[in-house]
Amino acid sequence: MAQAVMHRGKPSPPTMAAVASLADVRAGCADLITRLGLEAVLEGDPAEAQWLGLHRRGKSGRLLKEPVAALAYERVAFELVELPDGTWAEEERGLRERPWIVRLKSGTTTYRSLERAAGVFRAGLEAMG
C-alpha cells in the first residue's frame with residue numbers, strides 16, 4: 001500500500017493530471033457534475049480571470065444565483081478602498097502568487113497550480129455525492 005505524501009504535516013491535496021484550462025476541468029468532472037444534478041457555467045477571459053461555477057436548478061427550472069461550488073482563476077489581486085468623497089473603488093494590488101481559487105461548502109482555498117486546485121475541486125464534488 002502506498003504511503004500518503006505529506007505537505008505541511010497534512011496529507012498532500014489531490015491533483016488532477018492533464019488539465020490546461022477550466023474547460024478541461026469541466027470536461028474531466030462532467031460525469032460527476034451530471035450525477036450531482038448540477039449545471040456548469042464557465043465565464044470570463046482565460047488570460048485575466050475565469051470562473052467555473054456549479055449551480056443547482058430551482059423549482060421553476062432556472063439556475064440558482066449562488067453556485068454550490070466554484071473554481072476560479074484571478075491573475076490580479078484587487079482591494080476595495082474608500083475614496084475621500086465616500087465612494088468605493090477597486091484598487092489593483094499586483095499579481096497573485098496563488099491565482100487558483102476553490103470555493104466549496106467546506107471553505108475557500110487558493111493554489112499555485114491548476115492541477116492541484118482541480119484535484120481539490122473534484123475531491124470536494126465527490127464528497128458532496
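What counts and how
- Note that residues are indexed from 1 along each chain, following the sequence as it is written.
- Under the rules for a predicted model, residues below a pLDDT of 70 receive no local features and side-chain atom pairs below 80 are neither given nor counted, while totals for whole chains, interfaces and linings still include all residues.
- Computation of side-chain values: all heavy atoms of the structure, hydrogens and water removed.
- Any two strands with at least two DSSP-identified bridges between them are counted as paired.
- Strands here are runs of E lasting at least two residues and helices are runs of H or I lasting at least four, both read from the DSSP assignment and numbered beginning at the N terminus.
- The predictor reports its confidence for every residue as pLDDT, a score running from 0 up to 100.
- Note on method: axes are straight lines fitted to C-alpha atoms, helices fitted across the in-contact stretch only, with angles between N-to-C directions ranging 0 to 180 degrees.
- The contact definition used throughout considers only heavy atoms, calling two residues in contact when any of these lie within 4.5 Å.
- Buried means the residue's accessible area, taken with a 1.4 Å probe over protein chains only, is under 20% of the maximum for its type, while exposed means over 50%, and partly exposed covers the values in between.
- Salt bridge criterion: a side-chain nitrogen from Lys or Arg within 4 Å of a carboxyl oxygen from Asp or Glu.

A short note on the pairing of strand β9 (residues 107–111)
Consideration 1: Bridge count for strand β8 (residues 100–104) against β9 is five bridges, and the pairing is antiparallel. Across the sheet, the residue bridging to R103 is T108, located in β9.
Consideration 2: Taken together, β8 and the strand that follows it, β9, pair antiparallel across an intervening segment of two residues.

Some words on the environment of R122
Consideration 1: Relative to the elements of secondary structure, R122 occurs in helix α3 (residues 114–128).
Consideration 2: The spatial distance from the C-alpha of R122 to the C-alpha of R26 is 9.8 Å, given a sequence separation of 96 residues.

Examining the confidence of the model for the protein chain
Consideration 1: Mean pLDDT for the protein chain: 88, with 91% of residues reaching 70 or above.
Consideration 2: Per-element confidence in the protein chain is highest for β8, whose mean pLDDT is 96, and lowest for strand β1 (residues 6–7), whose mean pLDDT is 54.

Section: the sheet that holds strand β4 (residues 49–55)
Strands in a sheet are paired, the pairing made by backbone hydrogen bonds, and the direction either parallel or antiparallel.
Consideration 1: With respect to topology, five strands assemble into an open sheet ordered β3-β4-β5-β8-β9, the strand pairing being antiparallel. Looking at strand neighbours, the two that pair on one side only are β3 (39–45) and β9, the edges of this open sheet. The mean inter-strand angle of the sheet, taken between neighbouring strand axes irrespective of direction, is 10°.
Consideration 2: One ladder, built from four bridges, connects strand β5 (residues 69–74) with β8; its direction is antiparallel. Pairing of A70 across the sheet is with R103, part of β8.
Consideration 3: Sheet strands in contact with α3 are β4, β5, β8 and β9, and its direction is about 5° off that of β8.

Thoughts on the pairing of strand β7 (residues 88–95)
Consideration 1: β7 sits mainly on the outside: zero of its eight residues count as buried.
Consideration 2: Of the pairings in the sheet, the one linking strand β6 (residues 76–82) to β7 comprises seven bridges and is antiparallel in character. Within β7, the position partnered with A77 by the bridge is G94.
Consideration 3: In sequence, β6 turns back onto β7 through a hairpin of five residues, with G86 there showing a positive phi of about 95°.

Section: the pattern of salt bridges
Consideration 1: Per the counting criterion, the structure on display carries seven salt bridges.
Consideration 2: R122 is the partner of D31 in a salt bridge, and the nearest nitrogen-oxygen pair spans 3.9 Å. Of the two residues, D31 sits in helix α2 (residues 30–35) while R122 sits in helix α3, which places them 91 residues apart along the sequence.
Consideration 3: For R112, the salt bridge identified is with E97, shortest N-O distance 3.5 Å. Separated by 15 residues along the polypeptide, R112 in the loop between β9 and α3 and E97 in the loop between β7 and β8 bring together distant segments of the chain.
Consideration 4: Several salt bridges share partner residues, and in doing so they unite D31, R122 and E126 into one network.

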